[in-house]
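So you can see what is in the structure, the chains are spelled out below.
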Amino acid sequence: MQALTIRFKNKSIPVLNFTHKRSHMELLSSKLKELELNFEFRKKLKMISMIEIIGDVAIFKYNDGTKLYLEVS
């Protein structure tokens, strides 16, 4: 497991990369850049406590225990 941090706007979010592939982190970064102008996504991102990358899916875990799944490939 690889623990990294990604920055989105002014927030640092810890990322656990279970795939150990740097390409998945790059895909996640590019996907976040695509969603940067999406107001609803930015509003949800404020409440995220951590991100896990498993395979081609990024799992956004919120403080209240809910999850959002995002395909990064």
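None of the values given here were measured: they were computed from a predicted structure.

### With respect to the environment of V15
- With respect to the helices and strands, the residue V15 is situated in strand β2 (residues 11-17).
- Classification of V15 by relative accessible area gives buried; the value is 0%.

### So, the nonpolar core
- In terms of nonpolar packing, the biggest core is built from 18 residues, with L28, I51 and F60 touching the most fellow members.
- Secondary-structure elements contributing two or more residues to this core are β1 (2-8), β2, α1 (22-34), α2 (39-45), β3 (48-54) and β4 (57-62).
- Non-local contacts of I51, meaning those with residues more than four positions away in its chain, are made with I6, I13, P14, V15, L16, L28, A58, I59 and F60.

### Some details on the side chain of E52
- With respect to the secondary-structure elements, E52 resides in strand β3.
- Side chain to side chain, E52 and K61 meet in a polar contact 3.0 Å long.
- E52 has contacts with L16, F18, V57, A58, I59 and K61, leaving out every residue within four places of it along the chain.

### A word on the confidence of the model for the protein chain
- Here the protein chain averages 86 in pLDDT, while 96% of its residues score no lower than 70.
- Here β1 stands out as the least confident element of the protein chain, with mean pLDDT 77; β4 is the most confident, with 93.

### Description of the environment of R42
- In this fold, R42 is placed in helix α2.
- When the C-alpha positions of R42 and F8 are compared, they lie 9.1 Å apart, and in sequence the two are 34 residues distant.
- With near-sequence residues (within four places) excluded, R42 lies in contact with F8, K9, E36 and L37.
- For R42, the side chain forms a polar contact with the main-chain oxygen of E36, separated by 3.2 Å.

Reading the values: the criteria
Residues numbered from 1 in each chain as written. Predicted model: local features only at pLDDT ≥ 70, side-chain atom pairs only at ≥ 80, totals over all residues. Heavy atoms only, no water. Helix = DSSP H or I, 4+ residues; strand = E, 2+ residues; numbered from the N terminus. Buried < 20%, exposed > 50% of the residue type's maximum accessible area, 1.4 Å probe, protein only. Core = buried A, V, L, I, M, F, W, Y, C linked by side-chain atoms within 4.5 Å. Contact = heavy atoms within 4.5 Å. Polar contact = N/O pair within 3.5 Å; in protein donor to acceptor, adjacent residues only side chain to side chain. pLDDT = per-residue confidence, 0-100.

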